[in-house]
Structure formats: structure tokens, C-alpha cells
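Letter by letter, the chains look like this.
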Amino acid sequence: MKTYSSSGKAAEAVSIPCPLCGDVPSTPRFHVEDARFVECSRCTLVYQNPQPLFSDLQGRYRNQYFQYEFSNEENFFNLMLLGMRDIGYTDAFLSAWEDKTFCDIGCATGRLLEHMKHLGFHVEGVELCPESAEYGINKRGVNINIGTLEDTKLPDNSFSIIHFSHLIEHVSDPVVFLLEVRRILKPGGRVIITTPNIAGFQAKLFREKWRSAIRDHLFLFSKKTLSTLLVRLGFHIVTVKTWGGLAVGTAPRWIKRPVDRLAKKWGFGDVMLFLAEKK
């Protein structure tokens, strides 16, 4: 099958088996631009199939992506802090953390790294977009490895906290990625994962018009599928939170506010955060 690269030219796409179940039947879920999403008939994981090659994906994360990250960095940073505070990881809590080793994968311009550094952590970032990484290195004075997590070859058992926000839905192989996360995480260390929730209210309401149903997202997890994957790979799930009942602009504020509160309370939010521990 042909799909389209970042340059607009036709590019190859390859069929893949479900990473949770292997080569089992799947059913079409929705079609967005040139991206076809399917649902595994056994485990219900939703993923693009066929998928673009990594060489095409890598080309999407260059200067235009940097401009997007740079212009939104404070908003994204504040959302990350809110998510961490939801699981009790406040600045006061983190300041008292005994083993201050922190890695942010997909760290963009290094805003969260800078914050954690000010809390006394030894910080390390990983970022695929060279322009974003170089900005963080030069302007914020934080250490950022340019490339994928697998490219960096960080030492075993290096970090007590690993964080990645809105990243796992972009990676070509979430199993390989999470195994690498586990390898560099210290025993008993914690990983904080934020990603869209395909089982949330918005996804069910908007279907292929859902804001996270985009060609850059290769995998769309639910609480069930991400829990299954993490447990299978040797993590213990400490807690799961969700938030976001309705997106801004989709409903009047008097409707949006109570739906947002219920989504957070009852777990059907648009975004989910996992806190998991390495066994």
C-alpha cells in the first residue's frame, strides 16, 4: 500500500501483526486521511495497519515540529505538571525524593527537564527532533540525547523516575520501546506515561473525528490494552488517572465542566496517565 511522507510524496507502508497478540485477525475501526486504524479481534488494541516506515516518520519531526513544540511549551509543561500532581508527584514530594535520577523521553525543548533539575535531580532527555533538542541543550543547559531511546544506549538501571508524555502512541514498536524503558529503569523505579484514551468518552463520541485519531498516532491504547502490555513486560501498575470529558469548543462551558469532572472521577477521560513500577 502507498501512503504519504512528510514531503507529500508517496511512501511505503507495511502490514504488522498486533504487538500484544501476534498475527490474529483484526477489524477496521476508522480511516483518517491515508491512515487506516484497525482493532485486534482478541485484545482490542487499536493501531494503524499498514504502518509507515520509520524513515518516513522520522522526517516529520524536524523544524516545523520544533516550532509547534516551542510555541506550545508552557501549555504542555503546565499540563504535565498537573498530571504529575494528580498522582501526588508535587514539587514538595519530588524535592524529598531520595534517588534524584530522572529521564524524560520525548522531552521536546527540555522544559520539564529544566524544572526537575531545579528540584535537584540529575536529568537526562531523549528527543528525536534535532531542533528541539538543540534548543534545550543550548538555552536550558540540560543534557538531551538526539535520536530514539534505542539509539541513545543509556546504561542499565540508570533512573529512578522515567517520564514520557504523548509519546508511546507515536513509536513504531511499543513492546521494544517499553522493554528499553524497563532496562534503564532502576529496580523499584517508577515510570509515568501519558497517552490518549481510545476507550474514553470523546473517542466514542467523535470516532474518526476524534482529535487523537491522526496519522501521526500509530497506536491508540485503552486502560485495558496498556495495562495488559505493562504487566506482561514486568511492570506493576500503581495507579491510573484520566481527565478531559469534552474538548474546548465542543460544548458550552456549563456542559463541559460537569462532564470533565465526571470523566476524571469515573475514569472515562480523553487522556490517561499511568504510574507503574519496575518489578
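Scoring rules and cut-offs
Residue numbers here run from 1 along each chain, matching the order of that chain's written sequence. Under the rules for a predicted model, residues below a pLDDT of 70 receive no local features and side-chain atom pairs below 80 are neither given nor counted, while totals for whole chains, interfaces and linings still include all residues. Neither water nor hydrogens contribute to the side-chain values; these are computed over all heavy atoms in the structure. Where helices and strands are cited, they refer to DSSP runs of H or I of at least four residues and of E of at least two residues respectively, numbered from the N terminus. Radius of gyration: over C-alpha atoms. The globule rule applied is 2.2 Å multiplied by the number of residues raised to the 0.38 power. Exposed residues in this analysis have more than 50% of their type's maximum accessible area, buried residues have under 20%, and partly exposed residues fall in between, with area computed by a 1.4 Å probe over protein chains only. In this description, contact between two residues means that some pair of their heavy atoms is separated by no more than 4.5 Å. We call two strands paired when DSSP finds no fewer than two bridges between them. Interaxial angle, 0 to 180 degrees, is taken between N-to-C directions of lines fitted to C-alpha atoms, where a helix line uses only the stretch in contact. Relative orientations are named as follows: roughly parallel for angles under 35 degrees, roughly antiparallel for angles over 145 degrees, roughly perpendicular for angles from 65 to 115 degrees, and oblique for any other angle. When the strands point away from the viewer and the connection leading from the first strand across the helix to the second strand turns clockwise, the crossover is called right-handed. The term salt bridge refers to a pairing of a side-chain nitrogen on Lys or Arg with a carboxyl oxygen on Asp or Glu at a separation within 4 Å. We define a polar contact as two N or O atoms separated by no more than 3.5 Å, with the added condition that, inside protein, one atom must be a possible hydrogen donor and the other a possible acceptor, whereas residues neighbouring each other in sequence contribute only through side-chain atom pairs.

(A) Representation of the overall build of the chain. Within the chain one finds ten helices and 14 strands. Radius of gyration (C-alpha) of the chain: 18 Å, near the 19 Å computed for a compact globule of 279 residues. Within the chain, buried positions represent 53% of all 279 residues. Long-range pairs, those at least 24 residues apart, make up 69% of the contacts in the chain with a sequence separation of at least 6.

(B) Structural view of the sheet that holds strand 13 (residues 235-243). On the basis of which strands lie adjacent, the open sheet formed by seven strands has the order 9-8-7-10-11-14-13 and mixed pairing. Single-partner strands in this sheet number two, and they are strand 9 (144-146) and strand 13. Along the sheet, successive strands turn relative to each other by an average axial angle of 15 degrees, direction set aside. Relative to strand 11 (residues 185-196), strand 10 (residues 159-165) runs parallel, the two being bridged by six bridges. Following the sheet pairing, Ile 162 is matched in strand 11 by Val 191. Each of strand 7 (101-105), strand 10, strand 11, strand 13 and strand 14 (271-278) is contacted by helix 7 (residues 174-184), which is oriented at about 145 degrees to strand 11, the strand it contacts most.

(C) Region of interest: the sheet that holds strand 4 (residues 35-40). Strand order in the open sheet formed by four strands is 3-4-5-12, with antiparallel pairing between adjacent strands. Looking at the sheet topology across the chains shown, the edges are occupied by strand 3 (26-32) and strand 12 (219-220). Inspection of the sheet shows strand 4 paired to strand 5 (residues 46-48) by three bridges, in the antiparallel sense. Across the sheet, Phe 37 pairs through a bridge with Gln 48, a residue of strand 5.

(D) Focus on the packing of helix 2 (residues 63-86) against helix 5 (residues 130-140). Running from N to C, helix 2 and helix 5 point in directions that differ by 50 degrees, and their axes come no closer than 8 Å. It follows from the interaxial angle that helix 2 and helix 5 lie oblique. Residues Asn 63, Phe 66, Glu 69, Phe 70 and Glu 73 of helix 2 pack against Glu 131, Ser 132, Tyr 135 and Arg 140 of helix 5.

(E) Spotlight on the pairing of strand 8 (residues 122-127). In terms of burial, strand 8 is a largely internal element, five of the six residues being buried. For the crossover from strand 7 across helix 4 (residues 111-118) to strand 8, the handedness is right-handed. The handedness of the strand 8 to strand 9 crossover, carried by helix 5, is right-handed.

(F) Summary view of helix 5. Pro 130, Glu 131, Ser 132, Ala 133, Gly 136 and Arg 140 are the residues of helix 5 that are buried. The secondary structure elements touched by the buried residues of helix 5 are helix 2, helix 4, strand 8 and strand 9.

(G) The arrangement of the pattern of salt bridges in detail. In total, this model carries 14 salt bridges according to the counting rule given. A salt bridge links Arg 140 to Glu 114; the shortest N-O distance between them is 3.1 Å. Of this pair, Arg 140 sits in helix 5 while Glu 114 is found in helix 4, placing the two residues 26 residues apart along the sequence. Taking the relative accessible area as the measure of exposure, Arg 140 reaches 13% and is therefore buried. A residue is classified by how much of its surface remains accessible, and Glu 114, at 19% relative accessible area, is buried. Linking Glu 180 and Arg 183 is a salt bridge whose minimum nitrogen-to-oxygen distance equals 2.6 Å. Pair noted here: Glu 180 and Arg 183 are both in helix 7, with a separation of three residues, about one helical turn. Shared partners join several salt bridges into a network, and the residues in it are Glu 73, Glu 74, Arg 111, Glu 114 and Arg 140.

(H) The arrangement of the side chain of Glu 114 in detail. A polar contact is formed between the side chain of Glu 114 and the side chain of Arg 140, at a distance of 3.1 Å. The contact partners of Glu 114, leaving out residues within four places of it in the chain, are Arg 140 and Val 142.

(I) Region of the structure containing the environment of Met 84. Mapped onto the elements of the fold, Met 84 is located in helix 2. Residue Met 84 is classed as buried on the basis of its relative accessible area of 1%. Along the primary structure Met 84 and His 115 are separated by 31 residues, whereas in three dimensions their C-alpha atoms are 13 Å apart. Excluding its chain neighbours within four sequence positions, the residues that come into contact with Met 84 are Tyr 89, Leu 94, Leu 112, Met 116, His 163, Ile 192 and Leu 273.

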